[in-house]
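Structural description and commentary
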Amino acid sequence: MWPPVAVELPERHEDTPAPGTDLPPHYAYCFGCGDRQEDGLHLRASVGEGQRIRSRFTVTEAHQGAPGLAHGGLLACAFDEALGTTVGNLLRRPAVTGRLETDFLRPVPVGTTLVIDARLDGVAGRKVYVSAEGRIDAEDGPVAVRARALFVLVELKHFIDNGRAEDLRAVAADPSLLGSRPVELNP
Ligand SMILES: CCCCCCCC(=O)SCCNC(=O)CCNC(=O)[C@H](O)C(C)(C)COP(=O)(O)OP(=O)(O)OC[C@H]1O[C@@H](n2cnc3c(N)ncnc32)[C@H](O)[C@@H]1OP(=O)(O)O
């Protein structure tokens with residue numbers, strides 16, 4: 001059963017950009033989306049209809065697990081990112097992954113662009129349920145990976161208490177490292 005508990009499906013936040021709008025990386029050094037991670041995944045997300053966010057991830061030589069094929073762990077990372085950005089952009093509240101499960105249905109060759117459609121499935125207290133599927137090279141391509149996850153809403157304190165001090169100082173000195181998406185801290 002998914003979601004595994006009774007949930008509410010909130011409207012997306014009023015500040016969520018219009019469908020079709022490209023979303024900026026949420027952190028310049030994020031392995032999933034950051035511009036400053038040379039061998040990162042460089043996911044690019046845009047707002048979809050309703051409770052959906054679409055991301056694209058192109059598999060490069062740096063992402064191999066077997067010759068010419070994407071590493072499954074990195075595919076899971078891509079889905080973590082795509083699902084996390086769905087929570088972040090639709091709810092505009094900080095959250096972290098509590099649980100992530102993936103089904104790998106087809107191998108994903110180097111050079112493939114995975115088109116990942118993620119959606120917000122519901123919220124129960126601090127628990128946020130999301131799911132996604134990734135298709136090969138086109139929005140109607142064959143499904144290669146499915147994933148679903150539980151994110152847990154946290155206070156900003158989570159990051160301040162647990163993040164490495166020098167990285168927090170770097171963000172304080174240059175807030176543009178966090179991208180332009182505002183986060184509602186006291187909704
Ligand atoms: C835009 C941003 C994009 C980002 C994309 C990338 C996202 C990430 O990778 S985040 C990094 C990876 N994740 C982490 O580091 C999280 C590490 N874990 C933690 O910090 C904590 O365990 C945390 C915050 C998840 C939960 O701790 P805590 O705040 O004490 O809450 P807790 O009471 O334990 O859990 C809250 C609820 O979630 C449930 N829950 C928590 N973890 C799980 C789990 N693994 N499975 C099932 N349920 C869970 C709890 O049972 C509880 O449910 P209920 O409210 O019904 O009692």
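Residues numbered from 1 in each chain as written. Predicted model: local features only at pLDDT ≥ 70, side-chain atom pairs only at ≥ 80, totals over all residues.

Rule in force here: UniProt positions are given in the numbering used here, feature names are shortened, and annotations may be inferred rather than shown by experiment.
By the naming in an unreviewed UniProt entry, the chain is Acyl-coenzyme A thioesterase THEM4, taken from Actinokineospora cianjurensis. Within the UniProt record for the chain, the comment given under Sequence similarities (unreviewed entry) is "Belongs to the THEM4/THEM5 thioesterase family."

1. Considering the site of the ligand
To keep it simple, the criterion reads: In this analysis a residue is considered near a molecule or strand if the C-beta atom, reconstructed from its backbone, is found within 6 Å of that molecule or strand. Secondary structure counts use DSSP, requiring at least four H or I residues in a row for a helix and at least two E residues in a row for a strand, with both numbered from the N terminus. Nonpolar residues are Ala, Val, Leu, Ile, Met, Phe, Trp, Tyr, Cys and Pro. Charged residues are Asp, Glu, Lys and Arg, and all others, Gly as well, are polar.
Near the ligand there are 17 residues, and of these Gly 84, Gly 88, Val 96, Gly 98 and Arg 99 occur at the shortest range. Of all the secondary-structure elements, those providing two or more residues to the shell around the ligand are helix H1 (72–91), strand S6 (95–104) and strand S9 (143–153). Element by element, the count of residues in the shell around the ligand is highest for H1, at five residues. Classifying every residue of the shell around the ligand by side-chain character gives four nonpolar, eight polar and five charged.

2. Considerations on the pairing of strand S8 (residues 127–136)
How we decide: A pair of strands is labelled paired if DSSP reports no fewer than 2 bridges between them.
In terms of strand pairing, strand S7 (residues 113–124) meets S8 through 10 bridges, oriented antiparallel. Across the sheet, Gly 122 pairs through a bridge with Tyr 129, a residue of S8. Joining the antiparallel neighbours S7 and S8 is a turn of two residues, in which Gly 125 adopts a positive phi near 65 degrees. Count of turn residues in the S8/S9 antiparallel hairpin: six residues, of which Asp 137 carries a positive phi of about 65 degrees.

3. Examining the UniProt feature "domain: Thioesterase" (unreviewed entry) in the chain
Here, UniProt's "domain: Thioesterase" (unreviewed entry) annotation points to residues 68–136. Strand forms 49% of residues 68–136 and helix 29%; the C-alpha atoms that close the span are 15 Å apart.

4. A short note on the nonpolar core
Test applied: Buried Ala, Val, Leu, Ile, Met, Phe, Trp, Tyr and Cys residues form a nonpolar core when they are connected through C-beta atoms within 7 Å. Buried, partly exposed and exposed are defined by the number of other C-beta atoms within 10 Å of a residue's own C-beta, namely 20 or more, between the two limits, and 12 or fewer respectively, with C-beta atoms placed from the backbone. Two residues qualify as being in contact provided that their C-beta atoms, derived from the backbone, are within 7 Å of each other.
Judged by nonpolar contacts, the single largest core of 36 residues is most densely connected at Ala 78, Phe 79, Ala 82, Leu 83, Val 87 and Val 130. Secondary-structure elements contributing two or more residues to this core are strand S3 (52–58), H1, S7, S8 and S9. Examining the composition of this core, we find that 10 residues originate from one element, H1, more than from any other. Those residues within four positions of Val 87 in sequence are excluded, and the remaining contacts are Ala 95, Leu 120, Val 128, Val 130 and Phe 151.

5. Points about the confidence of the model for the chain
Low-pLDDT portions of the prediction should not be read for the details of their coordinates. Applicable threshold: pLDDT runs from 0 to 100 and stands for how confident the predictor is about each residue.
Considering every residue of the chain, the mean pLDDT works out to 95; 96% of them sit at 70 or more. Interface confidence for the predicted complex, given as ipTM, is 0.98, next to a pTM of 0.96.

6. Focus: unusual backbone geometry
Omega for the bond connecting Trp 2 with Pro 3 falls within 30 degrees of zero, at -10 degrees, which places this linkage in the cis form. Looking at the secondary structure, you find Pro 3 in the segment before strand S1 (22–23). Of note in this structure, His 42 is not a glycine but carries a positive phi near 55 degrees. Structurally, His 42 can be placed in the loop between S1 and strand S2 (44–47). Accessibility expressed as a C-beta count within 10 Å gives 20 for His 42, which makes it buried. Of note in the backbone geometry, Asp 137 takes a positive phi value of approximately 65 degrees without being a glycine. Here Asp 137 lies in the loop between S8 and S9.

7. Description of the pairing of S7
When S3 meets S7, the two strands line up antiparallel, connected through seven bridges. Looking across to S7, one finds that Arg 52 is bridged to Arg 119.

8. Considerations on the environment of Gly 48
Counting through the fold element by element, Gly 48 comes out in the loop between S2 and S3. Ignoring anything within four residues of it in the chain, the contact list for Gly 48 reads Pro 19, Ile 53, Arg 54 and Asp 117.

9. Points about H1
Rules: In a helix, the anticipated span is given by 1.5 Å times the number of residues less one.
An ideal rise of 1.5 Å per residue puts 28 Å on 20 residues; H1 measures up with 28 Å between its terminal C-alpha atoms. Counting buried positions along H1 yields 17 of 20 residues, so the element is predominantly enclosed. Downstream of H1 by one or two residues, Arg 92 has phi in the positive range, about 60 degrees.

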